[in-house]
Amino acid sequence: MARHTIDGTDIRVAATILGVGLGGFVDGILLHQVLQWHHMLSSTDTDHVGIRTYPVDTVPGLRMNTLWDGLFHVVTWVAVLAGLALLYGRATRSRGRLWRSPALWGWALTGWGLFNLVEGIVDHHLLGIHHVRTGPHQTAWDVGFLALGAALVAVGWLVQRRAGTVDVCAADRR
């Protein structure tokens, strides 16, 4: 049986993109839909760029916020598909071993953390178009979101470092 290994860094970009998409899904599904703490444009009444106000307690405002939430989900879906396609191209023999690899999940956690950091800095702080949870403690929630992102990057980095090579041998015996 021929064995083929790839270095954990060979999947770095693919797994990071997958993590960005999965992190976006967690944000959109949990914070936008399930908890309904915010939507993409829910803080446009206090934003930093002058976007028209779209209050979520009106039908037109909620419609516009739902549209932008949907566009956000399209972008996260495309990131997941792109990450999976890139992973498929890197490991065509024993995907089972790849899915159990700390390299994959470490880089995916890193991607999720990067999503939180970029989305948090851009949308919450620079543009101000929404916040994790609007209200008297919104800055604390926004900073907590950034801290979670930094923690995910750190944990992901540590997890992927212990992975070494990823075995993608021709036959997966498990």
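Draft legend 1. View of the nonpolar core. Grouped together as the largest cluster of nonpolar side chains are twelve residues: I11, A14, A15, L18, V80, L87, A91, L98, A103, L104, W107 and A163. When residues of this core are traced back to their parent elements, those giving at least two are α1 (12–34), α2 (59–90) and α4 (102–126). L41, Y54, F72 and V132 belong to the second-largest nonpolar core, a separate cluster that totals nine residues.

Draft legend 2. Seen up close, α2. If you check α2, its first and last C-alpha atoms are 46 Å apart, about what 32 residues at 1.5 Å a residue would give, namely 46 Å. Of the residues that open α2, the one with a side-chain oxygen 3.0 Å from the backbone nitrogen of G61 is T58.

Draft legend 3. Representation of α4 in the model. The terminal C-alpha atoms of α4, which comprises 25 residues, lie 34 Å apart, in line with the 36 Å expected from a rise of 1.5 Å per residue. Along α4, the sharpest change in direction is near 30° and occurs at G120. With a side-chain oxygen positioned 3.0 Å from the backbone nitrogen of A103, the residue opening α4 is S101. Where α4 terminates, the next one or two residues include G128, which has phi positive at roughly 65°.

Draft legend 4. Focus on the packing of aromatic side chains. The final tally for this structure, using the stated rule, is four aromatic pairs. Ring centres of W37 and W141 lie 4.7 Å apart, and the angle between their planes is 65°; on these two criteria the pair is classed as edge-to-face. Placement of the pair is W37 in the loop between α1 and α2 and W141 in helix α5 (residues 138–161), with a sequence separation of 104 residues. A residue is classified by how much of its surface remains accessible, and W37, at 22% relative accessible area, is partly exposed. Look at W99 and W105: their rings are 5.8 Å apart centre to centre, the planes differ by 40°, and that puts the pair in the tilted class.

Draft legend 5. Local environment of unusual backbone geometry. Of note in this structure, Q36 is not a glycine but carries a positive phi near 55°. One can find Q36 in the loop between α1 and α2. Here Q36 falls in the exposed class, since its relative accessible area comes to 56%.

Draft legend 6. Examining the environment of Q33 more closely. Assignment of secondary structure puts Q33 in helix α1. For Q33, a relative accessible area of 46% translates into the label partly exposed. Spatially, the C-alpha atom of Q33 lies 9.1 Å from that of D69, the residues being 36 residues apart in sequence. Apart from the residues within four sequence positions on either side, Q33 is in contact with G28 and H73.

Cut-off values and rules
Residues numbered from 1 in each chain as written. Predicted model: local features only at pLDDT ≥ 70, side-chain atom pairs only at ≥ 80, totals over all residues. Heavy atoms only, no water. Core = buried A, V, L, I, M, F, W, Y, C linked by side-chain atoms within 4.5 Å. Buried < 20%, exposed > 50% of the residue type's maximum accessible area, 1.4 Å probe, protein only. Helix = DSSP H or I, 4+ residues; strand = E, 2+ residues; numbered from the N terminus. Expected span 1.5 Å × (residues − 1). Polar contact = N/O pair within 3.5 Å; in protein donor to acceptor, adjacent residues only side chain to side chain. Bend = angle between axes of the 7 residues up to and from the residue. Phe/Tyr/Trp six-rings, centres within 6.5 Å; stacked < 30°, edge-to-face > 60°. Contact = heavy atoms within 4.5 Å.

No statement about biological role is implied by the geometric values presented.
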